[in-house]
Amino acid sequence: MVYDIVIGRDASDKEKFGERGLIYLGKGYVKMGQYTSLSNKIWMDVARSHVVLIAGKRGSGKSYSLGVIAEELSSLPREEAKNISSLIFDTMGIFWTMKYKNEKDSELLRSWGLESKELPVNIFVPYGKADEYKKKKIPFDNTFALKSSELEAEDWIVLFNLDLTSLTGVLLERIVTSLKEKENNYNIKKIQEEIEKDSKSSKETIKSAPSFS
């Protein structure tokens, strides 16, 4: 007898929530010789908090799995959906396609009892990339930017690929830390000015510091 597999839900929660608070991940499969067939439906509990690791080599379906989870979360009934949502930092620029129906695989979806549909996705892109997205006709809802004063000294050091204990790394750490102690809101120009007039570093170190201009 084929039964559903529920990940992350114990017996007491099964009794308490029933079929509520579950998202559909897909089906397991079994191999019989050279043949592969689909078997049990696999669901994941989202009524409780969980730590989930999706791992695999390139092209194995990690992003696809994240997309399935995000789509299922957005498709929960209203009562459940109001308590949970997904936030994806999409460094590859692929999840914006969730705004459109998947017409290409509509027949495959129907065979799984699913249908193509647009999802309520809000897309934010870096402020400096807005024109590029418009030119490529990639839809987005708004832009975002980070204030220079919101970044820690370690963030700048990592950004410029510096060694924390190098002379330039120490200089940058000292300048940013000092600015944070004196001001709540400073810009990149201010960081550059403070580096150029630093009296504790040699001229060679100041010249080797990254340029913020």
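Look up a bit, the structure's there.
Calculation notes
- Residues numbered from 1 in each chain as written.
- Predicted model: local features only at pLDDT ≥ 70, side-chain atom pairs only at ≥ 80, totals over all residues.
- Heavy atoms only, no water.
- Helix = DSSP H or I, 4+ residues; strand = E, 2+ residues; numbered from the N terminus.
- Rg over C-alpha atoms; globule rule 2.2 N^0.38 Å.
- Buried < 20%, exposed > 50% of the residue type's maximum accessible area, 1.4 Å probe, protein only.
- 1 Å grid on protein atoms, 1.4 Å probe; cavity = no way out; pocket = protein on both sides within 12 Å on 5 of 7 lines; lining within 4 Å.
- Points joined across faces, edges and corners; volume = space filled by probe spheres on them.
- Nonpolar A, V, L, I, M, F, W, Y, C, P; charged D, E, K, R; others polar.
- Salt bridge = Lys/Arg side-chain N within 4 Å of Asp/Glu carboxyl O.
- Phe/Tyr/Trp six-rings, centres within 6.5 Å; stacked < 30°, edge-to-face > 60°.
- Lys NZ or Arg CZ within 6 Å of the ring centre and 35° of its normal.
- Axes fitted to C-alpha atoms, helices over the stretch in contact; angles between N-to-C directions.
- Parallel < 35°, antiparallel > 145°, perpendicular 65-115°, else oblique.
- Left-handed = near helix turned anticlockwise from the far one by under 90°.
- Contact = heavy atoms within 4.5 Å.
- Pairing = 2+ DSSP bridges.

Would you take a moment to explain the overall build of the chain for this structure?
In terms of helices and strands, the chain carries nine helices and five strands. Moving toward the C terminus, one meets the helices and strands of the chain in the order β-α-β-β-α-α-α-β-α-β-α-α-α-α. Here the C-alpha atoms of the chain give a radius of gyration of 25 Å, more than 25% beyond the 17 Å that 2.2 N^0.38 yields for 213 residues. A total of 213 residues make up the chain; the buried ones form 26% of that total.

Please explain the layout of surface pockets as it appears in this structure.
One simple way to see leftover space: roll a probe sized like a water molecule over the atoms. In this structure, the largest pocket encloses a volume near 1,400 Å³. Forming the boundary of the largest pocket are 42 residues, of which Y64, V68, E71, L109 and L114 lie nearest the centre. Of all the secondary structure elements, the ones that give two or more residues to the lining of the largest pocket are β2 (22-32), β3 (35-45), α2 (62-74) and α4 (106-111). For the lining of the largest pocket, the element with the highest residue contribution is α2, accounting for eight residues. Broken down by class, the residue content of the lining of the largest pocket amounts to 24 nonpolar, nine polar and nine charged. In this structure, the second largest pocket occupies an estimated 930 Å³ of space. Along the walls of the second largest pocket sit 27 residues, with L87, I88, N122, I123 and F124 positioned nearest its centre. Residues that form the lining of the second largest pocket fall into these classes: 20 nonpolar, six polar and one charged.

Any chance you could explain the pattern of salt bridges here in plain terms?
One side chain can pair with another of opposite charge once the charged atoms of both are near each other. For the structure on display, the rule yields ten salt bridges. Notably, a salt bridge pairs K82 with E79, separated by 3.4 Å at the nearest N-O pair. Among the salt bridges present, the one from E132 reaches K136, with a minimum N-O distance of 3.2 Å. Overall, the relative accessible area of 55% leaves K136 in the exposed class. Each of E183, K190, E194 and K197 takes part in salt bridges that share partners, so that together they form one network.

Quick question: what am I supposed to make of the packing of aromatic side chains here?
Two aromatic rings are characterised by how far apart their centres lie and by the angle between their planes. Counted under the stated rule, the structure contains four aromatic pairs. For the ring pair Y133 and F140, a centre distance of 6.2 Å and an interplane angle of 90° mean the geometry is edge-to-face. The class for F140 is partly exposed, based on a relative accessible area of 22%. Consider the rings of W156 and F160, whose centres lie 6.4 Å apart with planes at 15°: the pair is stacked. What makes W156 buried here is its relative accessible area of 5%. Over the face of the ring belonging to W112 we find K27, whose NZ or CZ atom lies 5.1 Å from the ring centre. One Lys or Arg, K41, reaches over the ring of Y24 and ends 5.7 Å from the middle of that ring.

Got a minute to help me understand the packing of helix α7 (residues 167-182) against helix α8 (residues 188-196) in this structure?
A packed helix pair is summarised by two numbers, namely the angle formed by the two axes and the spacing between the axes. Two elements in contact, α7 and α8, have axes whose closest approach is 10 Å; the angle formed by their N-to-C orientations is 120°. Judged by the angle between their axes, α7 and α8 are oblique. In terms of crossing hand, the pair formed by α7 and α8 is right-handed. Two secondary-structure elements touch here, α7 through L171, L172, I175, L179 and K182 and α8 through K190, I191, E194 and I195.

Is there a simple way to explain the pairing of β2 in this structure?
For a regular strand, side-chain orientation follows a simple rule: the groups alternate between the two sheet faces. Summarising the sheet, β2 and β3 pair through nine bridges and their orientation is antiparallel. Counterpart to V30 in the pairing with β3 is S37. Linking two consecutive strands that pair antiparallel, namely β2 and β3, is a turn of two residues; a positive phi of about 70° is found at G33 within it.

What is the right way to look at the sheet that holds strand β1 (residues 5-7) in this model?
Hydrogen bonds along the backbone pair up the strands of a sheet, which may run parallel or antiparallel. Across the sheet, three strands lie side by side as β1-β3-β2; this open sheet has mixed pairing. Of all the strands in the sheet, just β1 and β2 have a single pairing partner and so form its edges. Across the sheet, the mean angle separating the axes of adjacent strands is 35° when strand polarity is ignored. The sheet contact formed by β1 and β3 spans three bridges and is parallel. Across the sheet, residue I7 finds its bridge partner in β3, namely M44.

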